[in-house]
Amino acid sequence: MLLAVDHVQLAAPPGSEDALRAYYAGVLGMTEIPKPPVLAARGGCWFEAGHVQLHLGIERAFRPAKKAHPGLRVTGIEAYAARLEALGAPVTWDDNLPGHLRFYSEDPVGNRLEFLEPAP
């Protein structure tokens, strides 16, 4: 029986860890968590916020995920979007999900991310 999603993994190109840290920790406000040593040797980085974990794994033949994406639930979505924009991240609002406020953004390597909050 499935219980929960443990984490979502996205791919990133070799050598992108510093840009990923700047975005996921600096822009999104997540905390970097240590990878087990055997996995850390492969590169990449892991982040968490509350019960949400995103793992960024290195892929030599990297292509950003333009359609597939994690959907991240936030509170205070307007202020969160303003924070992302102020820190240079793109924000594209979308009103096609009834009962929700949502926008899309991209990480520094081009992976798509969705941010959503139930509408008041």
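Above this note sits the structure.
Analysis parameters
Sequence positions are assigned chain by chain, starting from 1 and proceeding in written order. In keeping with the model being predicted, local features are shown solely for residues with a pLDDT of at least 70 and side-chain atom pairs are shown and tallied solely at 80 or more, while totals for entire chains, interfaces and linings include all residues. For side-chain calculations, the full set of non-hydrogen atoms in the structure is used, while hydrogens and water are omitted. Starting at the N terminus, helices and strands are each numbered in turn, a helix being any DSSP run of H or I of at least four residues and a strand any DSSP run of E of at least two. Radius of gyration here is computed from C-alpha atoms only, and the compact-globule reference equals 2.2 Å multiplied by the residue count raised to the power 0.38. Burial classes follow relative accessibility: with a 1.4 Å probe on protein chains only, a residue under 20% of its type's maximum area counts as buried, one over 50% as exposed, and anything between as partly exposed. By the convention used here, residues are in contact when the closest approach between their heavy atoms is within 4.5 Å. Using a 1.4 Å probe, the Shrake-Rupley method yields the accessible areas, and only the shown protein chains count as cover for residues. By the counting rule applied here, Lys and Arg register as positive and Asp and Glu as negative, while His and the ends of each chain are not counted. Every charge is mapped to an atom, namely NZ of Lys, CZ of Arg, CG of Asp or CD of Glu. For two strands to count as paired, DSSP must find a minimum of two bridges between them. Here an axis means a line fitted to C-alpha atoms, over the contact stretch when the element is a helix, while the angle between two N-to-C directions is reported on a 0 to 180 degree scale. Residues enter a nonpolar core if they are buried and are Ala, Val, Leu, Ile, Met, Phe, Trp, Tyr or Cys, with the set joined through side-chain atoms within 4.5 Å. In this context, the arc is that of the directions from the helix axis out to the C-beta atoms. Salt bridges are defined as contacts in which a side-chain nitrogen from Lys or Arg sits within 4 Å of a carboxyl oxygen from Asp or Glu.

1. Here's the deal with the overall build of the protein chain
(1) Moving on: Per the secondary structure count, the protein chain includes three helices and eight strands.
(2) Moving on: Taking 120 residues into account, the globule formula puts the C-alpha radius of gyration at 14 Å, and the protein chain, at 15 Å, falls close to it.
(3) Moving on: Per-residue burial for the protein chain yields a buried fraction of 39% across its 120 residues.
(4) Moving on: By sequence separation, contacts in the protein chain at least 24 residues apart represent 54% of the contacts at least 6 residues apart.
(5) Moving on: Here the protein chain has roughly 7300 Å² of accessible surface; of this, 57% comes from carbon and sulfur atoms.
(6) Moving on: Charge separation in the protein chain, taken as the distance between the mean sites of 11 positive and 14 negative side-chain charges, equals 7 Å.

2. Thoughts on the side chain of Ser16
(1) Moving on: Mapped onto the elements of the fold, Ser16 is located in the loop between strand 1 (8-12) and helix 1 (17-27).
(2) Moving on: Leave out the neighbours within four places in its chain, and Ser16 touches Ile58 and Val109.

3. Concerning the sheet that holds strand 2 (residues 31-33)
(1) Moving on: Pairing within the open sheet is mixed, and its four strands lie in the order 1-4-3-2. If you trace the sheet from one side to the other, it starts and ends with strand 1 and strand 2, each paired once. Strand-to-strand twist of the sheet, defined as the mean angle between neighbouring strand axes without regard to direction, takes the value 30 degrees.
(2) Moving on: Across three bridges, the pairing between strand 2 and strand 3 (residues 45-49) is antiparallel. Bridge pairing in strand 3 places Thr31 opposite Glu48.
(3) Moving on: Helix 1 rests against strand 1, strand 2, strand 3 and strand 4 (52-58) of the sheet, and its axis sits at about 0 degrees to strand 3.

4. Quick look at the nonpolar core
Among soluble globular proteins, nonpolar side chains are generally buried collectively.
(1) Moving on: Tyr23, Tyr24, Leu28, Leu84, Phe103 and Phe115 are the most contacted members of the largest nonpolar core, which totals 26 residues.
(2) Moving on: Sequence-distant contacts of Phe103, that is, excluding residues within four places in its chain, are made with Ile77, Tyr80, Ala81, Leu84, Val91, Thr92, Trp93, Asp94, Leu113, Glu114 and Phe115.

5. So, helix 1
(1) Moving on: Residues of helix 1 that are buried include every one of Glu17, Leu20, Tyr23, Tyr24 and Val27, and no others. Here the buried residues of helix 1 occupy an arc of 165 degrees about the axis, which is enough to place them on one side.
(2) Moving on: Buried residues belonging to helix 1 abut strand 1, strand 3, strand 4, helix 3 (77-86), strand 7 (100-106) and strand 8 (112-118).
(3) Moving on: Gly29 sits one or two positions beyond helix 1 and adopts a positive phi of about 80 degrees.

6. Quick word on the pattern of salt bridges
(1) Moving on: The full count for this structure, using the stated rule, is five salt bridges.
(2) Moving on: Because the salt bridges share partners, they merge into one network encompassing Asp18, Arg21 and Glu32.

7. Some points on the side chain of His55
(1) Moving on: Structurally, His55 is set in strand 4.
(2) Moving on: Using a relative accessible area of 4% as the deciding quantity, one classes His55 as buried.
(3) Moving on: Non-local contacts of His55, meaning those with residues more than four positions away in its chain, are made with His7, Val8, Gln9, Leu10, Cys45 and Trp46.

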